[in-house]
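# Observations on the model geometry
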Number of protein chains: 2
Amino acid sequence: MKTDLDTLMNSQNLDALLVTGSGQHNPAMVYLTGGGHMTAELIKKRGADPVLFCNPMERDEAARTGLPTRNLGDYRMQELLKAAEGNYPLALAQRYQRMLADVGVTQGRVALYGRAEAGASFAVFSALQALMPELTLVGETNDSLLLKARFTKDEQEAARIRHMGKVTTQVVAEVADFLTSHPARNGVLVKNDGQPLTIGEVKLKIDLWLAERGAENPEGTIFAIGRDSGVPHSSGNPDDLLRLGQSIVFDIYPCEKGGGYFYDFTRTWSLGYAPDELAALYETVKDVYNQVRTHFSVGEQCPVYQRLACDLFEAKGHPTIQNTPNTEQGYVHSLGHGLGLQVHERPWFGSNAANEDRIVPGVVFTVEPGLYYPERGMGVRLEDSVWVHPDGEIETLADFPMELVLPVRQA
Amino acid sequence: MKTDLDTLMNSQNLDALLVTGSGQHNPAMVYLTGGGHMTAELIKKRGADPVLFCNPMERDEAARTGLPTRNLGDYRMQELLKAAEGNYPLALAQRYQRMLADVGVTQGRVALYGRAEAGASFAVFSALQALMPELTLVGETNDSLLLKARFTKDEQEAARIRHMGKVTTQVVAEVADFLTSHPARNGVLVKNDGQPLTIGEVKLKIDLWLAERGAENPEGTIFAIGRDSGVPHSSGNPDDLLRLGQSIVFDIYPCEKGGGYFYDFTRTWSLGYAPDELAALYETVKDVYNQVRTHFSVGEQCPVYQRLACDLFEAKGHPTIQNTPNTEQGYVHSLGHGLGLQVHERPWFGSNAANEDRIVPGVVFTVEPGLYYPERGMGVRLEDSVWVHPDGEIETLADFPMELVLPVRQA
């Protein structure tokens, strides 16, 4: 949690954090500022409040964060650029050097965060490192201090994710009503004008219903039918028709306006009826979901549940990435992932040896077993997101029925 | 334009481009792939097609780009990680090394692009540089080759931006109708239930009407009234009421779904009536807009027009950043900026010595003079976006009337 930042900095021997980039859709900056319409720099010295450096035009947005602010204009970028003979990375590095000095950071270990252009980051921070050899710039990947802090969520964060869960499931209910309000003709849903409904039209409605509720959908929606539903991250072909008796994987992961907290949710539907083979896959996935849920135990390592899911699927004769690495059929991904300011964050559930993430109070994560058979034209995934309460209770953050078949009338 | 890539690589002595990150809301990746629901790596060797490296789960999205693809799974990250004893940046660097070798890049200059975590980019590319001393990794900032290619837009890109202009001005018209459909009581717009309308409610409608048209609004909207309209990038307080006779700066910059091309557009309104001082500011800004437009000449340097705008404002007695650097009153920003896969890209209009950008066929840019007096509680900005045709004609990409006062009836 955010209150752990200084403790984590101490344990990782970090003297300061430097965050760059937009105040929107930038998890590190949103986490430390609360977000805002600005492009800024933030430096947090260990034991001190973060300081926000902003452009004068964005001073109102910066002030709204409640953080102490500094004017980036005072660092006279044009003069630095002239002195650096047009060497932009050098001038930007010199500006960082002055900003760091102004908050009392002239040596020690400084970790870097924030979404930015990869090449510019490499150039500017390499220049800064050369300029300040007494400083060690630390670039973290999977083991980031901020991901460690964000590993657990407090009541307020959980409430925001729960709210996004409510928005998400309301929209899923709207989509179910929308689909079943259309009759079928020749095996596909049709509109009032007799023309077939398309996945593209359904997706437009999804975005509309999310916008009505003040949510954003920056990563799109998976709404994939038939063979495409058998490829986990196929987002679905907008021209596809809504055919009866085919699996539809509907995976939706919107966020708060401005790039705040996400939700993540999946249901699999079949319109009108379900072929036996699909119904059987569905029951297996639902059974694995329920069994895994029953076994969750606070304190246990996450990969234990990935192995459990694999064992359960294998017992039913399905290949998994445990017994068939790189398989594209059967159970082909991990059981879940953490959820917060990113759709995918810690804890991880992958069963590789390096993964030591555990289910502890405060974690928010998805539970999403699935079975995929693209060559048979079908796939099934069921996903809910949960929060572990301080007392260890595991709360499903948004309830929604698990029903495979959506009833359809004939036109 | 994209067809200039190899020529630009040649002139900048670059042997390959490496692009990392999401296929959505990531200008470099969207430019080279057309976008898609995937997280990928792309390498383009000079003279060859780009090659896309994707996760197997996202193979459908990758295939849809039409580019040759490779399976990231084949690079066996878990084995690399084990061999690197858990050193993630090193393992990722080794994976890049193999990917580069597989497309025939083992030496020369490789430029880096794509939105990613700044710290991870610094760590991974520093490790790659150490691993491959015969390679020079190039991180560009303001002078990026991709920004140079994106400096000019072809007919197809212009058509997409024009479409976004149509969507944007349709939504602006809806907002004007929405506001004027509300009567005023005690100097503020009120709803049917007699409660005052708020800026937050207007913004929710804006997002809804954009979503209806298949657009996204990832950077939010500036809808700022009174004193806030006098601070250029103040996005407006959601709790503020719609007061009559106050300047409203409405700056809207949505993009295509998935993070494609943007539009950028601003009008300033005053509800019911405009005080004389505001009306005078408005006329001055409109006059400067018109004069600048008359002077645009293909081949001329962009900063010439920033100086012209400053001269015109100064002649009317307003401070500008030309005669009063760092002023927060008067004309406080530059005349415009390029527009494309980012809201702000080349050409730049700032009048610093280093800026050599010119108005040439193919550029798309905004024209947005403004006057800001936060202490007097007002601000005015007028903005259109234009494309320069191959024959030099300067087309306003979306027409919309410039009227200060929106009529309001009493409740």
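Residues numbered from 1 in each chain as written. Chains lettered and ligands numbered in written order. Predicted model: local features only at pLDDT ≥ 70, side-chain atom pairs only at ≥ 80, totals over all residues.

### Description of the confidence of the model for chain A
Averaged over every residue, the pLDDT of chain A is 96; residues scoring 70 or more account for 100%. Scored as a whole, the predicted complex attains pTM 0.92, and scored at its interfaces, ipTM 0.91. (pLDDT = per-residue confidence, 0-100.)

### What about the packing of helix 6 (residues 118-131) of chain A against helix 6 (residues 118-131) of chain B?
For the pair helix 6 of chain A and helix 6 of chain B, interaxial distance at closest approach is 8 Å and the crossing angle is 75°. Judged by the inter-axis angle, helix 6 of chain A sits roughly perpendicular to helix 6 of chain B. Listed contacts from helix 6 of chain B to Ala118(A), Ser121(A), Phe122(A), Phe125(A) and Ser126(A) of helix 6 of chain A are Ala118(B), Ser121(B), Phe122(B), Phe125(B) and Ser126(B). Here the residues of the contact of helix 6 of chain A with helix 6 of chain B are counted per class, giving 6 nonpolar, 4 polar and no charged. (Axes fitted to C-alpha atoms, helices over the stretch in contact; angles between N-to-C directions. Helix = DSSP H or I, 4+ residues; strand = E, 2+ residues; numbered from the N terminus. Parallel < 35°, antiparallel > 145°, perpendicular 65-115°, else oblique. Contact = placed C-beta atoms within 7 Å. Nonpolar A, V, L, I, M, F, W, Y, C, P; charged D, E, K, R; others polar.)

### Some details on the interface of chain A and chain B
Accessible area lost on assembly of the parts is the figure often given for the size of an interface. At the interface, 62 residues of chain A touch 61 residues of chain B. Those elements giving two or more residues to the side of chain A that touches chain B turn out to be helix 3 (59-64), helix 4 (77-83), helix 5 (88-102), strand 5 (108-113), strand 6 (115-117), helix 6, strand 7 (135-139) and helix 9 (199-212) of chain A. Broken down by element, the side of chain A that touches chain B gets its largest block of residues, 9 residues, from helix 6 of chain A. Within the side of chain A that touches chain B, the residues separate by chemical class into 26 nonpolar, 23 polar and 13 charged. In terms of strand pairing, strand 6 of chain A meets strand 6 (residues 115-117) of chain B through 3 bridges, oriented antiparallel. Counted as the bridge partner of Glu117(A) is Arg115(B) from strand 6 of chain B. (Pairing = 2+ DSSP bridges.)

### Some remarks on the sheet that holds strand 12 (residues 247-252) of chain A
Note: strands within a sheet are paired through backbone hydrogen bonds, in either parallel or antiparallel orientation. Residue and element names in this part refer to chain A. A sheet is described by the order of its strands in space; here 4 strands give the open sequence 11-12-14-22, paired in mixed fashion. Every interior strand has two partners, whereas the edge strands, strand 11 (221-225) and strand 22 (405-406), have only one. Where helix 9 meets the sheet, its contacts fall on strand 11 and strand 12, and the angle it forms with strand 11 comes to roughly 155°.

### Side note on the relation of the copies chain A and chain B
With an RMSD of 0.0 Å, the fit of chain A onto chain B corresponds to turning through 180° and sliding 0.0 Å along the axis. The superposition operator between the copies reduces to a two-fold rotation axis. Rotation axis and chain A: the residue whose C-alpha lies nearest the axis is Phe122(A), separated from it by 2.3 Å. Interface overlap between copies: 98% of the residues of chain A at the interface are likewise at the interface in chain B, consistent with a symmetric, same-surface contact. (Least-squares fit on C-alpha atoms with pLDDT ≥ 70 in both.)

### Considerations on the sheet that holds strand 3 (residues 51-54) of chain B
Pairing is mixed in the open sheet, where 6 strands are placed in the order 4-3-2-1-5-7 (chain B). Only two strands of the sheet have a single partner each, and these edge strands are strand 4 (69-71) and strand 7 (135-139) of chain B. Sheet twist, expressed as the mean angle between neighbouring strand axes with direction ignored, is 25°. Where strand 3 of chain B lies against strand 4 of chain B, 3 bridges are found, and the strand directions are parallel. Counted as the bridge partner of Phe53(B) is Arg70(B) from strand 4 of chain B. With respect to the sheet, helix 6 of chain A is in contact with strand 1 (16-22), strand 5 (108-113) and strand 7 of chain B, its orientation differing from that of strand 5 of chain B by roughly 115°.

### Considerations on the pairing of strand 18 (residues 370-373) of chain A
Residue and element names in this part refer to chain A. The two faces of strand 18 match: Gly370 and Tyr372 on one face and Leu371 and Tyr373 on the other face are all buried. Bridge count between strand 18 and strand 19 (residues 378-381): 4 bridges; the pairing is antiparallel. Its bridge partner lying in strand 19, Tyr372 is registered against Gly379. Linkage of strand 18 to strand 19, two consecutive antiparallel strands, is achieved through a turn of 4 residues, within which Gly377 is found at a positive phi near 75°. (Buried ≥ 20, exposed ≤ 12 C-beta atoms within 10 Å, placed from the backbone.)

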